[in-house]
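# Geometric and topological summary
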Amino acid sequence: MKKLICLLLASLLCLAGCSTTPKAPAAEGESLFKAGTYTGVGDGRNGPITVEVTFTAGAIESITVKEHTETAGICDPAIEKIPGAVVESQSLGVDTVAGATLTSDGILKAIEDCVVQAGGDVEKLKAATEKTPQAKTEESRSTDVVVVGSGITGMSAALSAKEAGADVVVIEKQATTGGTTAIAGGYLISIDSKLYDDSDFDDSLETFRKYWDERMSYSGQESGYPDEERWEAIVSKTGETVDWLQEKGVTWEAFTGFGPYPTAHNPAGGRGLIDEMVKIAEAQGIEVITECKGEKLVLDDQGAVVGIVAETSDKVITFNTASVVLATGGISANAEMVKQYSPKVDKAGTISVAAAGSTGDGLTMALEAGAVPFDSFFTSICATTVDPALASQVADASKLTTNKQLGVNAKGERFASEAAVYFDALGSDMIQDGNAPFYYIYDSSDAEIAKILEQGATAGAVVKADTIEALAEGMKVDAATLKATYDRYQEQVAAGKDEDFGKAAENLTSLETAPYYAVVFYPTTFGSQGGVLTSETGQVLNQAKEAIPGLYAAGEMSNRYFYNENYVLAASLGLYATTGRIAGAAAAAK
């Protein structure tokens, strides 16, 4: 039965692929371009990307990415692959790189810029390259444990399973390893770690619990979480995990800059942390396969997980295995899932800065295998960000701050103190209010800021008006409500006391110099809090609260246990590495 199911699933997933036939350069004597070397610019994820393209009269000869501010490790595959693909195919109709779509698009736009300068036909070059249908080959492999996802959760699970004696394969759907970990700061909570043995810093669980509880209470919500027993069971082992990773060769330094709790920091950040873990894993014989997407779990007739079907660009691979560990991250980059599982987060108009691969693949596979999702999801809140429409038009938009402004929601009502009491507090306030968009009102008293705002208004990304009532019209909020909110705020500024939301007196600044400006800010998120129900060792549970044999989940795949409707900065990686370590050992034991 098991073999039959594997073969059927592999057949169903054996979709048609394609091979690309490069287009020939122009016929001799035919001129497609003005020969020469040109420099072009396109917008990537983080800013402009500059390329240099050399043309002969009949062909694109070479492409070099000269400058960019894209995230190291995430953008590398696009920078390596896109230029070569364009030159090889003599076409702009090449595929973007998984996990680096915006970087890929930016490179292609910069190349288009050069094509235009060289007198080429962009539309013809955008036409898809000639493709010959080609069936994907089927492959069957056997191993003890397959880990799906190569962030800190997945790599910790892989190293732990290998340590327990298992043969391990890690599959990663993106072109590069790391997921959201790769774009994180590389900090891990480390309660009772050896890193602090020679320090008088209080790294006790009791002290950290007080801080955690205080932060979890900020939202004012009662979600039923954290689960105190699960929280203590995992958090108390974070220092142990840090020490375990250090013994394997991961680089740490003690860091206490986030508040009254200890963290371990990799000096090279999240990208460097993952690179070290992958290098260690491969040295131990763990195979890490990128651009390989887990598609469906294979179940036997008793409902046990006995394999997983995965797909690459040219293969459908059925892994026959004793255990699968799902470490695929959350749902933040899947708008439909966020709407379904986190309607409050969706309503607030959040912007996700999580890795592009956080699309809920693991959740989908687990649910199909009989797993149970948490009854409520939330999100890992980052800070707030100025409207991307403004940031893309005005270079200095990042200089705009909120603490001395008047912030209102879509109803024209003030909803919180504009001076956040900690890093992600304002984002939390926005999500709890839910009435997006959120505007911050400025006057013209600061010449430098007014200059930035004027540029934004000219670009159509900032609302400008000579009166508050007219400003309300541009913001599309009720004028009477906004005027009343403004008047109330000004009264409190004059009195030097914010009786509504307690903003400190030093941040109460009068806004009375016309013209006025309104700028949209968004709450940003970089992960989700939810996933599926699991045991303390990471076994995925079914409706009867029984373990699904052979299936484990860790990290964002099962992290609702730890959070109310809030987040603690630099907290997640330590939790996820620990849950991954525990799940990996349990998966190997099976």
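Further up the page is the structure itself.
This one's a predicted model, so the numbers in the text were calculated from it and none came from an experiment.

Turning our eyes to something else, we now look at unusual backbone geometry. At the junction of Ala436 and Pro437, the peptide bond is cis and its omega measures out at 5 degrees in the coordinates. Within the secondary structure layout, Pro437 lies in the loop between helix H14 (425-433) and strand E18 (438-442). The peptide bond linking Ala514 to Pro515 adopts the cis configuration, its omega dihedral lying at 0 degrees. Note on placement: Pro515 falls in the loop between helix H17 (479-495) and strand E20 (516-529). One non-glycine residue, Gln90, lies in positive phi territory at about 50 degrees. Looking at the element boundaries, Gln90 is found in the loop between helix H2 (76-89) and helix H3 (101-117). Positive phi, normally seen in glycine, also occurs at Glu291, with a value near 50 degrees. When you line up the elements, Glu291 lands in the loop between strand E11 (287-290) and strand E12 (293-299).

Here the focus is the packing of aromatic side chains. For the structure on display, the rule yields 21 aromatic pairs. Aromatic pair Tyr187 and Phe258: ring centres 4.8 Å apart, planes at 85 degrees, arrangement edge-to-face. Here Tyr187 is found in strand E8 (residues 187-189), whereas its partner Phe258 is found in the loop between strand E9 (253-255) and strand E10 (263-265), with 71 residues between them in sequence. With a relative accessible area of 24%, Phe258 lands in the partly exposed category. For the ring pair Phe208 and Trp212, a centre distance of 5.5 Å and an interplane angle of 70 degrees mean the geometry is edge-to-face. Of this pair, Phe208 and Trp212 both sit in helix H6 (residues 205-216), separated by 4 residues, roughly a single helical turn. The burial state of Phe208 is the same as that of Trp212; both residues are buried. One aromatic cluster in this structure is built from Phe208, Tyr211, Trp212, Trp231, Tyr261, Phe526, Tyr563 and Tyr567. Arg215 extends its terminal NZ or CZ atom over the ring of Tyr422, reaching a point 3.5 Å from the ring centre. Positioned over the ring face of Trp244 is Arg581, at 5.8 Å from the centre of the ring.

Right, let's get into the nonpolar core. Among the nonpolar cores identified, the biggest contains 99 residues, and Ile171 and Trp212 are the most heavily contacted of them. The greatest single-element share of this core, amounting to 9 residues, is contributed by helix H18 (residues 572-589). Apart from the residues lying within four places of it in its own chain, the contact partners of Ile171 are Val146, Val147, Val148, Gly149, Ile289, Cys292, Gly294, Ile308, Ala310 and Phe319. Val65, Ala100, Leu108 and Ile111 belong to the second-largest nonpolar core, a separate cluster that totals 26 residues.

Strand order in this open sheet of 3 strands is E2-E3-E4, and the pairing throughout is antiparallel. The strands lining the two open edges of the sheet, one partner per strand, are strand E2 (36-43) and strand E4 (60-67). This sheet shows a mean twist of 25 degrees between the axes of neighbouring strands, independent of strand direction. Of the pairings in the sheet, the one linking E2 to strand E3 (residues 48-55) comprises 8 bridges and is antiparallel in character. Counted as the bridge partner of Tyr38 is Val53 from E3.

Working note: regular strand, side chains alternate between the two faces of the sheet. Counted residue by residue, strand E14 (residues 315-326) has 10 buried out of 12 residues, so it is predominantly covered. Note: strand E6 (residues 137-148) against E14, 11 bridges, orientation parallel. Its bridge partner lying in E14, Glu138 is registered against Val316. Note: strand E13 (residues 305-311) against E14, 5 bridges, orientation antiparallel. In the sheet register, Glu311 faces E14, and the bridge partner there is Val316. Where E13 folds back on E14, the antiparallel hairpin that results is connected by 3 residues. Sheet topology note: the E14/strand E22 (residues 547-553) ladder contains 3 bridges and is parallel. Residue pairing in the sheet places Val324 in a bridge with Leu551 of E22.

Thresholds applied
- Residues numbered from 1 in each chain as written.
- Predicted model: local features only at pLDDT ≥ 70, side-chain atom pairs only at ≥ 80, totals over all residues.
- Heavy atoms only, no water.
- Helix = DSSP H or I, 4+ residues; strand = E, 2+ residues; numbered from the N terminus.
- Phe/Tyr/Trp six-rings, centres within 6.5 Å; stacked < 30°, edge-to-face > 60°.
- Buried < 20%, exposed > 50% of the residue type's maximum accessible area, 1.4 Å probe, protein only.
- Lys NZ or Arg CZ within 6 Å of the ring centre and 35° of its normal.
- Core = buried A, V, L, I, M, F, W, Y, C linked by side-chain atoms within 4.5 Å.
- Contact = heavy atoms within 4.5 Å.
- Pairing = 2+ DSSP bridges.
- Axes fitted to C-alpha atoms, helices over the stretch in contact; angles between N-to-C directions.

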